[in-house]
Each structure stands twice: as C-alpha cells, then as structure tokens.
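Residue-level listing of the chains:
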Amino acid sequence: MISIKKERIYAIKIICIYAIVAKVFVYVSDYIIGSTFKSMDKLIIFNYVKCNICIVITSIAFYVLIEKYIRIIENLKNEIQVNDEQYKFVINNTTGGLWCWNIEKKHILFPHKWKSILGYKDHELSNSEEDWFKLIHPDDYDYVFKKTYDYMDKKIDEFKIEYRMKKKDGTYIWVLDRGQAIWDENGRIIKFMGTYTDITEMKENQINLKQSEEKFKALFDNAGDAIALIQLNDRRMDRYIEINKSACERLGYTKEELLNMTPYDIRDDRSYNKYKESVMKLDESKCITYETIHVTKDAIKIPVEINWHLFEFNNKKVILSIGRDITQRKEANDKLLKIIEENEELLAKTIEHDRIKTEFFCNISHEFKTPLNVILGIIQVLSIYKNDNYIKIKPEKFNEYIDMGKQNCLRLLRLINNIMDITKIEYDSFEIKYKNYNIIYIIESITQSVVEFAKSNGIDIIFDTDIEEKIIPCDVDIIERIILNILSNSIKNTDKGGCIWVNICNNIDYMLISIRDNGIGIPEDKIDTIFDRFTQVDGSLKRKHEGSGVGLSLVKSLVEKHNGNISVTSEVGVGTQTVIRLPYNNCNNNCEIEEECNYNSDLVEKINIEFSDIYSL
C-alpha cells in the first residue's frame, strides 16, 4: 500500500529543488546576458529564449511527476477493484453476516446469505440505511442507535450489541452485532464494518435458563421446607453456601447470620453423633433421610426430617439439605398412639365389661332359677298333699312352705325392681318424687325396723345421731332403698356375734350417714369395682350369700340422683364402712312436712323385699 504522506514529502522536495534550480538558472543567465550583451534587442531576444527554456524544463519536470502519479493512481484503482471484489466475495460467502457501512453514502452492504436468513431474496431487500434500520425491533431501536453513536463518538471502546431483527414472516431473531471503525487523522470514520451472528437459539436458551433460575430461586426461597446448600470437606460439613427464607424464619436467624454458621451450630447436643453417622452414610449412598432436632435462636427445639442429596459443584462436594418440620406429625403420632392406647384400654374394658355382663346374666339366670325351683318344689309338694287323701300336712309345715314361697317371690320381685330401676336411670327416665321429711326420723325408723331381723341372725345394730331433726326434700322410697340395701350387705357379710353401727353427723351444708360393720371386709383390689354394674366381690355360684351384682351400682346412682356421693372403705377381717354425703337441698315450700305417723306404713314389706336374698341360718 502506497503511503500518501511519503508521496507528499517527495513532491515537496521535487518542487523545492526545481525552485532552487530555476532561481539559480535565472540569476546566472541574467548575469551572463547582462555582462555579455549590451544591445537591448539582443537582450530581449535572449530573455525570450530563456523564458521558453524555463517553460520547457518546467513542463518536462511536471510531466515526469504527473506520469509517476498517474501510474500510482492506476495501481491504486486496480488494488481498490481487487479489494472490492474480495470484500464482495467475503461478504456474500460468509456463513454469518459481514456488513460494510458507507456512512457518507448512507449505504450498507450485506451478504446474500444474511438476507436469506431473514427470509429475503437479494433483490427484495435494498442496502439503504433507511430500509435496513426498519428491521430493528422497535423496543431495541433507541438502544442500538445510542450504542452505535457512542462508539462512533469514541465514548465506548467496543462496538458489540445484541438486539432483535425482523424477518420477512414477521417474527424476530436475536443477533450479535460486532463492528470495527477506521478513523482518519481528523477523527472522521473512513470505514465501518462488522459481522452479524444469529444468536436466537443461544438467547432463547439464556432466557429459558434465566426463567428456570428465577423459577428455581422462587421455589427455593418460597418453599415451605428449610432448604440449604452445605459445603462438605473431608466428611465434615463446612458451612452454608446458600439457605432459603423458610429456614431463616424457622430458625430465627437472618440469612447473613446463617451463612456465617455451620449445620453443627443449630443442632441439638444429642444429635452430634447422628450427624457424623449420617455424613458417613451419605458419602456411600449419595442420598439419605433421617430425623433429628434443630435448635432455634431462641433455644426452642424443633423435630425435623432431613433429606440429604450429595453432588459435585465446581469440583467440590455439596449437600442439598431439605429439612421438614415434623412437629405436627410428631404430635399427630403421639395423639394416634394415645388413641391406640385409649382404644386398647377401652377394648380391655369392653372385654371386661362383656365378661362381667356374661357373668351377670349367668348370675341372673341363677337368681331367677333358684327361687323358681323353690316355688315349683313347694307347689309340687303341696300338690302331692292335695292329691293323696291319706297324707295329712301339719299346719307348721304348711306355714313353712308358704313363707319359703313368699320369700322367693319377694326375691324375684326385688331382682326385677332393681333391673327395671337401673334401666330407667341409664335412659334418664327415673322419676324422683320430692317431699319434705324429717330425714333423721326416716333413717332411724328404717334402722330400727331392721334390728329384729338382724338379731335373728345374731347381729346387733346400734343407731346414733348428733341431731334430732332435719327437714329436707327427698324421695323417701329412694332413701329407704339406699339404707336397706347397705344394711342388707352388712348383714350378709357379718358373722354371728357381729355388730353394725349407723351414725348421722350434721354439717352446715350436708349430712354424713355412716354404716359400719365388723364383718369379713372387702379385698383391697375389689374396692374400686364394688360400685360397677354387674360386679360382685364374690362372683362365683358357690358364694355364701345370693345377689345379682346390681344393688350397690343402683345405690350409687340413687345417691347421685339426690346430688350426693357415696364412698366405701374396708379391710379384710376388720370390717367395712359406707359413708353417704347427702347435701341439704332447699325445702320445697309448696309441700307440707309429712307427719311422722303417716310415714310409710308398708316399711316391713319393703324390708322383706330388700332382705329376701338373706336366708335364715
């Protein structure tokens, strides 16, 4: 390539030399002519010749110079033509897009292949700036021009931009535009050329990758579980690389605090060995799940289920840790275990209840069968006496049969009454008929009515009270059944020569009725079950006294119907004490106080019913 600067210097030198030579020639020639020729005519002729000689020499000199530069220009034209053909060949045959922008002519030269990438044939798309700029996406237009003119004004060092260009079908592709400008000495751009590269696939991958990263980050940050990335060094957890918002909220630390901590800092002291074992297992299996305890900043212990995945990141071992708070699951499991235990206990109680019911029905069958057999036997004996005219029955024997039949009928009646009443109480259909009575007189009358019966069995009954009168509303029939049932149990379980004490103690809000005996007593393991329905202390069919097992259960229900409570204490071989706590209900002002003389004239009959399962010894 010819240097223009050198050629200019060369031309200036030639001119300077020519000027010096011409000056010397003029001076010498003027001196010679002036000293040689004195005649004016000859002087004019020689000056004319001298001028013509100067013109010829000057013309020859300029011709030499012009001829040289004509050859230089011709060579430059040939070189430019070759370069243009080379540019066109490169531009039209490049796989991407090599462009050349003539800023003065507002002309941009693009290759055919690049036009075809945009969906155009060569003649369908001109190379004018205006047509080409229309292909730039409207949203990218200002950005492209700002970057372009910043580069042309040398505000930025590199022309490298990404933007979208419109195809013929209306869709857009992403392009990477890189260019290089050439400036002259005055800072004007002589040439601006560069390349286009279709980066649509790469850009779409970048966009998809960015979207995936954003989705992953959103999932990572907003996941309900605590998620962390932990660096692993020599089978020891080093530090947190990343940790999500849920972990920070659950543990009570800021993200910055946790990134300066290790997983060992949030563990429970008892979990240290489990951490070590888990890390060793993870190195072998690459994925493990286990349960441990995390400790929050406020020292609150949280049960968690940890899931670890081991992988390599930047040639380093990293653990992806997912921690799930299992507090609710633990509580649910505990509740489930409790429910299972309760159900097992309930099942055991149900089985025991069924056993007791079975035993009860067996006892009931016995209770019905025994008196019925007795009654049937009496009827059969009396029938024999009636049908055999030769056999005479003595009055004493006849009365004995009648009494025996009556006692067994009363026993059946008592059993039926108890079953009916306990069924009514169970279905809340038992009716209490309150009347105002002197409760002291009622209990004393019941006790005194039993004294003779007890004496016939060799047992003494002693009654004592610290108050002579107390009017309360009560159902006298219920009070009778309560006292008679307890006295019946005391008589049945007290041997001859024993004693029963009935005591009444007055308090401000309630009275205590105590019935104590020195009988055989109740085993300690039976005390808690004596008020259970269908339960007997001695449930065998060979027991000493008869009974269905509903009496004390009925007594407890009747006491509670009067808003009272009942308790029993006993010791085997020492005796039993039953205490009834009966509150003083307000007196019914609408009812008159029952006269003592009007008190239940059929008490003896009731005693016979309640004591019907006690046979004379």
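Everything discussed here concerns the structure shown above.
Rules used in this analysis
Residues numbered from 1 in each chain as written. Predicted model: local features only at pLDDT ≥ 70, side-chain atom pairs only at ≥ 80, totals over all residues. Heavy atoms only, no water. Helix = DSSP H or I, 4+ residues; strand = E, 2+ residues; numbered from the N terminus. Buried < 20%, exposed > 50% of the residue type's maximum accessible area, 1.4 Å probe, protein only. Axes fitted to C-alpha atoms, helices over the stretch in contact; angles between N-to-C directions. Left-handed = near helix turned anticlockwise from the far one by under 90°. Contact = heavy atoms within 4.5 Å. Nonpolar A, V, L, I, M, F, W, Y, C, P; charged D, E, K, R; others polar. Pairing = 2+ DSSP bridges. Patch = residues over 30% accessible without salt bridge, like charges linked within 9 Å, V, L, I, M, F, W, Y side chains within 5 Å. Areas by Shrake-Rupley, 256 points an atom, 1.4 Å probe, with all protein chains shown as cover. Salt bridge = Lys/Arg side-chain N within 4 Å of Asp/Glu carboxyl O. Lys, Arg positive; Asp, Glu negative; His and termini not counted. Charge placed at Lys NZ, Arg CZ, Asp CG, Glu CD.

1. Regarding unusual backbone geometry
Phase 1 of the analysis: Even without being glycine, K154 reaches a positive phi, approximately 60°.
Phase 2 of the analysis: Within the element layout of this structure, K154 appears in the loop between α5 (138-152) and β3 (159-166).
Phase 3 of the analysis: Owing to a relative accessible area of 52%, K154 belongs among the exposed residues under this scheme.
Phase 4 of the analysis: Positioned with a positive phi, A299 is a non-glycine residue whose angle comes to about 65°.

2. Comments concerning the packing of helix α13 (residues 476-492) against helix α14 (residues 551-561)
Phase 1 of the analysis: Between α13 and α14, the least distance of the axes is 10 Å, while the angle of their chain directions is 145°. Between α13 and α14 lies a crossing whose hand is left-handed. For the pair α13 and α14, contact is made by I478, R481, I482, N485, I486 and N489 and by G551, L552, L554, V555, L558 and V559, respectively.
Phase 2 of the analysis: In the contact of α13 with α14, the residues fall into eight nonpolar, three polar and one charged.

3. A word on the pairing of strand β4 (residues 172-183)
Phase 1 of the analysis: Direction of pairing for β3 relative to β4: antiparallel, over a ladder of eight bridges. Within β4, the position partnered with I161 by the bridge is D177.
Phase 2 of the analysis: Where β3 hands over to β4, the hairpin turn is made up of five residues, of which G170 adopts a positive phi near 95°.
Phase 3 of the analysis: Sheet analysis places β4 next to strand β5 (residues 189-198), joined by nine bridges and oriented antiparallel. Directly across from I182, in β5, lies its bridge partner K191.

4. Some thoughts on a negative patch on the surface
Phase 1 of the analysis: A cluster of acidic residues, E524, D525, D528 and D532, forms a negative patch on the protein surface.
Phase 2 of the analysis: Residue D525 is classed as exposed on the basis of its relative accessible area, which comes to 61%.

5. Some details on the environment of W99
Phase 1 of the analysis: Position of W99 relative to the elements: it lies in strand β1 (residues 97-102).
Phase 2 of the analysis: What makes W99 buried here is its relative accessible area of 4%.
Phase 3 of the analysis: Between the C-alpha atoms of W99 and D177, which are 78 residues apart in sequence, the distance is 9.7 Å.
Phase 4 of the analysis: Leaving out residues up to four positions away in the same chain, W99 has contacts with I108, L109, F110, F159, D177, R178, G179, F192, M193, G194, T195 and Y196.

6. Considerations on the pattern of salt bridges
Phase 1 of the analysis: One pass over the full model with this rule turns up 13 salt bridges.
Phase 2 of the analysis: Its salt-bridge partner being R329, residue E305 comes within 3.1 Å of it at the nearest N-O pair. With E305 in strand β9 (residues 301-313) and R329 in helix α10 (residues 327-387), the pair connects residues that are 24 residues apart, well separated along the chain.
Phase 3 of the analysis: We note a salt bridge from K349 to E345, for which the minimum N-O separation is 3.6 Å. In this pair, K349 and E345 are both assigned in helix α10, four residues apart and thus about one turn of the helix distant.
Phase 4 of the analysis: Since its relative accessible area comes to 46%, E345 is described here as partly exposed.
Phase 5 of the analysis: Salt bridges sharing partners connect three or more residues here, namely E291, E305, R329 and K330.

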